[in-house]
Structures are given as structure tokens and as C-alpha cells.
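Below, each chain spelled out in residue letters.
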Amino acid sequence: MARLARDRFIAGVTLAYGVAASLWILLSDRLIESFADVSEIAWFATAKGLSFVLVTSALLFLGLRRVPAGEEAPVAPLLDTLIEKLPFKRGWGPRLAYLFALLLSLLVQGICLLLSSSSASLPLFALMLLPVILSAALGGLGPGLLATAVAGVGSEALLIESASDDALSMIRLGSLVIDGVLISALSERLRRVRFRAEADRQMLAVMLASIGDAVVATDRQQRVFFINREAQSLCGLSEESARGRSLDEVFPLRIDPKEDGEGAYSGLWLVPGGGEKIPVQSRTYPIRMEDGREIGQILVARDERLVLETQRLRKQDEMRFERLVKLAPQALCFVAADGRFLYGNDQFHALFGYPDTELSVVGSWWLRAYPDPAYREAAKQAWDEALAYAMQTGTAVGPVEQRIRCADGEDREVEVSAIPIDGGLMTSFYDLTERHRTEKALRESEEHLARAVEASGVGLWEFWPDTNQVHLSESFAAMLGYTLAELQPVSSDTWFALTLPDDAGKAHEIAMSHLSGDLPGVECEVRMRHKDGNLRWVLVRGKVSERMANGHPVRVSGTAIDETEHHLAAERIAELAYCDALTGLPNRLLLRDRVEQAISHGRRQKGHFVMAFLDLDVFKMVNDSLGHSAGDCLLRAVAERLRNFVRAEDTVARLGGDEFVVLFSETTAANAIRLLPQLLEDIASPYAIEGHNLTVSASIGVCEFPNDGTDYDALVRAADTAMYEAKAAGRNTFRFFSAEMNQAATARLELEESLRHALAHGELELHYPAQRNLVTGEVTGYEAQLNWHSPLLGDVPTEHFMPIAEATGLINEIGRWVLREACRQNQQWIEQGVSRVPVAVNLSAMQLRRGEIERDVSTALEEAGLAPELLELEITEALLADASEKTMQQLLSLKEMGIHLVVDDFGAGYSNISDLKRFPVDRIKICPSFVKDLSADPRHRDLAAAIVGAAAALQLDVLAEGVETPEQARELLAIGCQVGQDPTPERVGLST
């Protein structure tokens, strides 16, 4: 309530209090003078004063409590306010109303009894009606009736006490009761009307506040008494500042003629003081009483800014859409739901030639564009169904192909699509006429080409790289003995499944090089499996025939020609030119070619190969005694044994007569020493020739590239010379071209035999150099190093006998013994309490290639009872560099068993740091040569530091091998290496 209303309320309460107090004083004095004796006036005056003070204090308290302040809501009735302030529960409110009526009535009855010395006069009855009026006004029907009952009983008692049976008194008593009942009923009615009006007011306020429009309510003087939040937001005023002001001042509405014009808003504008103009729509509703009198108005206004912005954006979209339709490359037209063509773009008119005016009549399009009645009916039915579906679902329909008659009489094949827009269909027409003509011409051309290809026997193929699909012609399938249906569906996997693996890999590499642009085309000869199981040589040619705009290949096309007959003829010619007619072995010409290839390869790779010149010792006697037929059979049998003895990459040739040459590729003379005795033994085995068991021997001369010659002729001469030396030595033996090689070969054979004897008689032993923490000196592990003390040869260095062990296969047996012995010794130390640290054992590449290392390690651990984490296996850098997938799997299996893997002599040059990421290794050992020159050579120190840093980055441990001096230990600690290995065995390690 505003400040003025508050002041008015206080003034009203003060005036009412003054009038009531004056009346009380005048009437009470007159009552006392009328009914009291002179002796009782003082007592009554005192009682009157006390009651006046109490009543006026209570009324003043309640009146001041009801004075409204600021924007507080209207207060509740006096009694309700009093009850809410009392410390009782909610349910005590009605009870307190009755209690108030009872006490007030009894109080008045007491006053009446005090005044009853006089007769029951009219003022007393009027005084008794006072509690009835107050109780009914404050509490309603119930308290009013209670006060009436008490007043009636009191009045009757006064009548009896005064012994008055006056009829007038009885009439007054009846009037009292009737007035009390009427006053109570009327008060109850007024209370209910007031409560209902208050509820209606609150509900209306909530409804007006919750609607989205702005609402302003005014009285008859156009003064605002209610304004909701939306209206406050629009006009920029709060409810307090708006209440009591005029409507035009709070919500000024104007029609601004400056805004009139095309596309502009021409309605009402709200122009709040100091703010921007806001377009609105408004309506005014009168507020009427039940008798029809208008007591105010309600203004409802809606903000039109969002509507206008939406209309503006829609207009922009429509203009953009019209421009897009006009500039679209397709022929577009808008068709109404009834079939009328309303608008077509320039492309539509250019395609069909019909103006919009001709097509605006319903049905004219169908008559002009579809002259054939049957075709027209079918097309119209399909169109109507598509239209109904599109309008129902809101989705696009099509595309469908139709034949449409143009204005110039030409029929055109078009592809029709439509999408529902604004109650109609936006329809597009794509002209397919030229494409159909081109496709028809292409089909005819392909048919002519296919007939020509079928006649020539050439197979055709096409390959789509993105989908991996392959299309073959019937002639291609027939080339391999299949029908086209038997090979469906065809993909590149089908193609390569019919091709030999080696040729398939080569063809795939060539195809990928062409697709990447490295080769201009595909051309290769492959062997493909015919349906009957035979191989067919096929010459495949092709190139990319279709690419995307960015150059990505889409399709590859090519031909396939059966070259089998040509190859067979070429092979036969080559066989006659390069092969021995009797044995089928390469002849002297092909041998020269193979030797020259081996020489070129050896020069590039700095490799070696061995040539063995073989001559049968008693062949002339067989030929002379049994005839040339038996001699030829013997030569073929020897040739077959030689073929079976050598590897696939080796060459066996017949020079003529009983002379053969065996070319051992990528083999050294040292390795040949192991092969030649077995070769002599195989040749000397008996032959069953024409019913005879023949035994022949051979003398073999051996030479090595490049030590004994660097060209074909020199090598043949050297081998031939050595062969004659073998014959001179008694035949059935072999000799190397140089005396030094003969001595070395003899020494190697003696060493190999001694090594076999050493393994059987316990001449091998293990020494255990310690691995220590360079800071604390604590032993962290041992390495098992193999040593051989021969009674005949003395101490044989490891580097002398280990190559023989690997070449002869003895390394597998020696390796198993080393594993078992190292595990047994380490477990013995643990049980004796000497130490509990890992022991490292070196692995040979041959042990891994044999494929049984997991079983050997598991057996050694089980026999010794040693935990897997107390065993380390050392592998060389060379093994890492040439490791196969099988080797990798074995290393992973060992790692999963709990074995630690160590790379030995890292830095020797066989591998690099990147190799370490591929293998499950735990530690690397720095090559002793780096440690030896650590202080003297800064390059070695830098290399060692780089190895330590790389190992740290890969989270690998590092151990330096061969730490001999404190200075080396300090240098290693300085670069971050904290573990080193002694060069000499630990005393405790001399155990076996």
C-alpha cells in the first residue's frame, strides 16, 4: 500500500478511537448517575476507569498492528491476527474465537449485574447486545450465537432478579435473541463473501502474472493498480512505481506514421520513456460489477518483436530459395497439391519449352507432356501416389524415370524427384536423354569389342580398388577352364587364390606401384592354376582407366593372354641350350652363368661361395666293362644323388664325361669342410645298375671365391687343380686349392673330433664372473662362461671352438648342458646361503632356430628347482638384427615364463636402438671394447653415454662388461651406469 493509503488508515483509526472514547465517557457517566446511589458512584467510577484503560489499550495495540507498511499484503481480520500471534497450535484458532465470545459476554453480564440495582432498562439491554456484535463480527456465526445465548440467559436472570414480569422486558429479551441471531448470520455471510473475494483476487493475480502477455489493470480514473512482470519488463517500471499512475504514463502506446511503408510494421508501438520503440498488439477489456457498472479496464499487450523478426527471416529465406531455384542447374518447378504447375525456373522452360501460363490450368501438363493416353494414365497414377505419400510423410520421393513430350514435339527421358514444400511439391527433372544415348552406344561398342576379344582369345578384366571387386570376361574364365558363373563373385582374393603365391606377391607389388603413380601401367607374367590342376602362364597387362578429380584411381582395366605354349617352347629351347641332355643338370654354359651371378652377388655383399670339382674315380672301368648304357645309368644316378644332397640355392652341373661341379652359394671353405665328407660318403654308396651293385668313389677339388679366384675360368682351374691333388692323395677324398687351406681343414677336423670327445668326457666347465653394483660393490648376479680344458690341446679359447660347435650342431647339446649346469650351481649357492642373485647364460642363434629352447629352459629350471626370475638369457645383437617371427615368439614365451632377457655386447654394430623396442628385453650389456677405452677415447665415452641414455628412455637396465679399474667404474657412474661385470671369474664361481 502506498504512503498515502497508510496515512489515511492511521487518521481513520485515530478519529474512530476519539469518537468511541467520547461516547463511552458520556454514556458511562449518565448510566452511573441513573442507576447508582451517591455512595456507590466512586466505586463505579473506579471500575469504569479500569475497564476503559484495559479495553482501550487492547484496541490501540490491535489498531497499530494493523497499520500497513510499504507493499505488505492486506492483513487478516483482527481476531485472526491476534490468534496467529498467540503461542497455540494452528487448531486453536476457532476455539479461541468461542472463548473470546464467552469471556466478553460474561464480562458484560458482570457489568450488568453490577448495574442491576436499577431496573432492567433499555441501556442495559443495549449493553448486552455489544458482545454479540463483537463476537459475530470477529468470529462469525458460531461465536455470535454463543454470545447471543449467554446474553439471553443473562437478561432472563436480570428479569427474575428484578422480579419484573413486565411484558416490555420480555419483548426486549426476545428482541435481543432475534437481533443476536440475525447479526451472527449476517456476519457469517459477510465473512464468506470476503474470503471468496480474497481467493478470487489471489487466483486472478496468479493467472495474470503467469500469462506470457503484458497485463495492466486500471480503475475508473485510468490509474494503474496492477501490472504483471511482462508489462513491467516492457515499460521498464516496477509494480510499486507504476501503481497509482495513469495508464498513458505507464504504458504509452503510439501509432508512428514514420514506420509505415512497404515491408514495415504499421501497428501500435510501445514508447516507454527513454527506451526503444517496441511493436505490440493490444486489446482492452472492461472490468464490470454485477450490475454492469464499469469500474476499470484491463489492457493486454503482446510483444511483436519476435514475430516481426521471424517474418523478416522467413522473407529472406524465401528470397534465397527463389534465387537458388532460379540458379539451380536442374530443371525445377513448383507443383500445387491439385496438380497445377505454378512456377518453373529457366532450366525447366529450356528443357521442355512450356511457359507457366500454359501449365497453370489443372490437367494441362498431363495432356501436353504425356500424349499417349495409356502412358499418361500410368504416369498420373504413379504421380498421385507419390504426391500422397510425400504430403503424408513429409519425405522426398523418387527418382523415377519418365518419358515426357516437349513443346517442340521431341520426347525426352528424364529422372523425376520431388519433395513437399508449403503444401505443394518442388519437383526436379534431370535430363537422361543424352546419357541413355551414350550408354546405348557404349553397350553396342562393348558388344562389338567383346565379340572381337572372344574371337582373339584375349581375356579382359576390370578391378575396382575401393570395393576390391573384379570383373572377368568369359574368355578369361575359359582360359583357366572355368565358366564365369563358377568364379562368381570375383574379387582380388579370388584372383590371387588362383595365382601361385610367389607370382601373386610380385603382381601385387606391381599393381600397387601403378596405383600410386610409380609405374605407367601393369605388366607381369604370372602362373595361374587351371581347373585341371595344371599351371598356365598368363601375361597380364592393364592401367587405370578411371580416376576421381583428385587423381584417386577408381577402376583399372586390362587384358590377359595365355602364354603357356610360348613358355613351354622357350623352356624346351633353354633346356636344350643350357641343360645336359643325359642327366638334365645344367651344362657348362649354364654353370658359367650361375657362377658369374654368384661372383656379382659376392662382390656386392662381400660374400663367399665354394666350387667343388668332382671326378668319378672308376667310371672308365664301368664304361668299358658294362657298356655305355650302364655308364649312362650310373651318371644319371650320381646326378640324382648330387641333386638330393645340395640345397635349393646351390647348383649341380655336369661338365662332360664323369666330371661334375657343385656350386655351394654363400658358403665359406670352413663350412664346406663339414659338407664334403658326407658328400663323399653319399657318392660311395652302392648303385643298382642293370642288375649290378656298383660302387664308385670321387675325388673332389675345392676352391673358394674370392680367395682362390675372382672369375669363372680362374675358379674352374683352381678347383680342377685341387681335384687332381685329391686323386694323387689316393682318391675318395677332397683337397683345397692352397696348402694353407688344407692345413686349416685338417686342424678343423681334429678340433671338431676333440670337441665331441670333450662333451662326452666332461672336459667342459663353467666360470662365473661377478656382476656388481659400482657404488656399493654388492654382487647383483653372475654370468656363466664356458671354458674347455683339453688334455691334448690345453686351454682352447672360446672363439676357436664355438664356431665349430655351431657349424656341426654340437651347440645344441652343449647349450643344454650349460643351462642345466648353471641352474644347478645357482640353486646350490642359494641352498648354501652363499647368494640369491640371477645367473646369466648365453644363447646361440642356432638354439633359437631349432625351436626347442622353451622346453630346454623349462627342463633345466625344473631339474634344479630354480625360480625363473633367477635365470637370465643373453642374446647377441646379430640375432636381434636377423630375428624371424618364430624367434620373436620364442623370446616372448621365455619372457612370459619369468626369464630375464639381456642383449650381450651391445654397440658392436649389428643393431640399433630402434631394434630394442621390438623385443621384450630387460637389460643391455655395453660392449667391453667401449669400457676398455672409456677414459682414453672420448668417442667411446660418448657412445657409452648414448647407450645408457637410450636404455633409460626405453626403461631398460644397463650393465658394463669388462670393468677392470676404479677409474673405469667412476667414468661409468658419471654417465649413469651403476652395474659392471668383472673380467675374471668370482672365486665362488669355480665350481665345475
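Note that this is a predicted model, so its numbers are computed, not measured.

A count of helical and extended segments in the protein chain gives 36 helices and 33 strands. The buried share of the protein chain, reckoned over its 992 residues, is 39%. By sequence separation, contacts in the protein chain at least 24 residues apart represent 56% of the contacts at least 6 residues apart. Here the protein chain displays about 54300 Å² of accessible surface, and carbon together with sulfur accounts for 57% of that area.

With that settled, consider helix 32 (residues 885–896). Its twelve residues place the ends of helix 32 17 Å apart at the C-alpha level, agreeing with the 16 Å of an ideal helix rising 1.5 Å per residue. Buried residues of helix 32: T887, M888, Q890, L891 and L894, and no others. Projected down its long axis, helix 32 shows its buried positions confined to an angular sector of 160 degrees, all on one face. Counted as exposed and oriented over 90 degrees from the buried face of helix 32: E885 and E896.

The next subject is the nonpolar core. Proteins that are soluble and globular tend to have nonpolar side chains buried together. I814, V857, L871, L873, I924 and L972 are the most contacted members of the largest nonpolar core, which totals 72 residues. Setting aside residues up to four positions removed in sequence, L873 forms contacts with L819, V841, L843, V857, L894, I899, H900, L901 and V902. Within the second largest apolar cluster, 34 residues are counted, among which are L635, I673, L679 and F734.

This paragraph deals with the pattern of salt bridges. A complete count under the given rule lists 35 salt bridges for this structure. Measuring nitrogen to oxygen at the nearest pair gives 3.9 Å for the salt bridge that ties R592 to E596. Separated by four residues within a single helix, R592 and E596 lie in helix 21 (residues 588–605), roughly one turn from each other. Where R850 meets E852, a salt bridge forms, and the shortest distance between an N and an O atom there is 2.3 Å. A relative accessible area of 25% places R850 in the partly exposed class. Assessed through its relative accessible area of 27%, E852 is described here as partly exposed. Linked by salt bridges that have partners in common, E410, R412, D431 and R437 make up one network.

Moving on to the pairing of strand 17 (residues 609–616). Burial analysis of strand 17 places eight of its eight residues in the buried class, which makes it a mostly covered element. Because side chains alternate across strand 17, one face comprises the buried residues F609, M611, F613 and D615, and the other comprises V610, A612, L614 and L616, equally buried. Here strand 17 runs beside strand 22 (residues 698–705); their pairing, made up of eight bridges, is antiparallel. Counted as the bridge partner of V610 is E704 from strand 22.

The subject of this paragraph is the packing of helix 27 (residues 798–808) against helix 28 (residues 810–832). It is the contact of helix 27 with helix 28, at a shortest axis distance of 5 Å, that shows an interaxial angle of 115 degrees. Relative to helix 28, helix 27 is oriented roughly perpendicular. Here M802, A805, E806 and T808 of helix 27 lie close against helix 28, whose contacting residues are L810, I811 and I814. Here the residues of the contact of helix 27 with helix 28 sort into five nonpolar, one polar and one charged.

For the rest of this paragraph, the subject is the sheet that holds strand 22. The five strands are arranged 18-19-17-22-23 in an open sheet whose pairing can be described as mixed. The sheet terminates laterally at strand 18 (651–656) and strand 23 (734–736), the two strands that pair on one side only. For this sheet the average axis-to-axis angle between neighbouring strands, irrespective of direction, equals 20 degrees. As judged from the six bridges shared by strand 17 and strand 19 (residues 659–664), these two strands associate in the antiparallel manner. Its bridge partner being in strand 19, V610 is matched across the sheet by F664. Packed onto the sheet, helix 23 (residues 628–645) meets strand 17, strand 18 and strand 19 and runs at close to 5 degrees relative to strand 19.

Attention shifts here to the sheet that holds strand 4 (residues 268–270). Strand order across the open sheet formed by six strands is 2-1-6-5-4-3, with antiparallel pairing between neighbours. The open sheet terminates on both sides in strands that have one partner only, identified here as strand 2 (224–227) and strand 3 (253–254). Two elements, strand 4 and strand 5 (residues 278–288), share three bridges in a ladder whose sense is antiparallel. Residue pairing in the sheet places W269 in a bridge with P279 of strand 5.

Moving on, we come to the packing of helix 28 against helix 30 (residues 853–864). It is at 8 Å that the axes of helix 28 and helix 30 come closest, and there the two elements cross at 30 degrees. Here helix 28 is positioned roughly parallel relative to helix 30, judged by the angle of their axes. Crossing geometry of helix 28 relative to helix 30 is assigned as right-handed. Along the contact surface, helix 28 presents R816, L819, R820, C823, R824 and Q827, while helix 30 presents I853, D856, V857, A860, L861, E863 and A864. Grouping the amino acids of the contact of helix 28 with helix 30 by side-chain chemistry returns seven nonpolar, one polar and five charged.

This paragraph deals with unusual backbone geometry. The omega torsion of the bond from F705 to P706 falls at 5 degrees, within 30 degrees of zero and hence cis. Turning to its location among the elements, P706 is positioned in the loop between strand 22 and helix 25 (712–728). With phi around 50 degrees, E666 is a residue other than glycine that occupies positive phi space. Note on placement: E666 falls in the loop between strand 19 and helix 24 (669–683). Phi is positive for E690, which is not a glycine, with a value near 50 degrees. When you line up the elements, E690 lands in the loop between strand 20 (687–689) and strand 21 (692–694).

For the coordinates displayed, the defined rule picks out five aromatic pairs. When the ring of F609 is compared with that of F705, the centres are 5.0 Å apart and the planes differ by 10 degrees; the resulting orientation is stacked. In this pair, F609 sits in strand 17 while F705 sits in strand 22, placing the two residues 96 residues apart along the sequence. Owing to a relative accessible area of 3%, F609 belongs among the buried residues under this scheme. Taken together, a centroid distance of 5.5 Å and an interplanar angle of 90 degrees make the contact between W788 and F801 edge-to-face.

Reading the values: the criteria
Residue indices begin from 1 for each chain and proceed along its sequence in written order. Reporting of local features is limited, given that this is a predicted model, to residues whose pLDDT is at least 70; pairs of side-chain atoms are given and counted only at 80 or more, and all residues count toward the totals for whole chains, interfaces and linings. No hydrogens and no water enter the side-chain calculation; it runs on all heavy atoms of the structure. Each helix corresponds to a stretch of at least 4 residues labelled H or I by DSSP, and each strand to a stretch of at least 2 residues labelled E; elements are numbered beginning at the N terminus. For every residue, the accessible area (1.4 Å probe, protein chains only) is compared with the maximum for its type, and the residue is labelled buried under 20%, exposed over 50%, or partly exposed between those bounds. Contact between two residues is taken to exist if any of their heavy atoms lie within 4.5 Å; hydrogens are not considered. Surface accessibility follows the Shrake-Rupley procedure with a 1.4 Å probe radius. Residue values consider only the protein chains on display as shielding. Here the expected span of a helix is defined as 1.5 Å times the quantity of residues minus one. The directions from the helix axis to the C-beta atoms are what the arc is built from. Side-chain atoms within 4.5 Å link the members of a nonpolar core, which is a set of buried Ala, Val, Leu, Ile, Met, Phe, Trp, Tyr and Cys residues. Salt-bridge detection follows one rule: a side-chain nitrogen of Lys or Arg within 4 Å of a carboxyl oxygen of Asp or Glu. Note on pairing: DSSP must find at least two bridges between two strands before they are called paired. Note on definitions: angles span 0 to 180 degrees between N-to-C directions of axes, and those axes are lines fitted to C-alpha atoms, for helices only across the stretch in contact. Each angle is binned into one of four classes, with values under 35 degrees roughly parallel, values over 145 roughly antiparallel, values of 65 to 115 roughly perpendicular, and all other values oblique. Amino acids are sorted into nonpolar (Ala, Val, Leu, Ile, Met, Phe, Trp, Tyr, Cys and Pro), charged (Asp, Glu, Lys and Arg) and polar (every other residue, Gly among them). Left-handed describes a crossing whose near helix is turned anticlockwise from the far helix by less than a right angle; the clockwise case is right-handed. Aromatic contacts are taken between Phe, Tyr and Trp rings whose centres are within 6.5 Å, Trp giving its six-membered ring; a plane angle under 30 degrees counts as stacked, one over 60 as edge-to-face, and the others as tilted.

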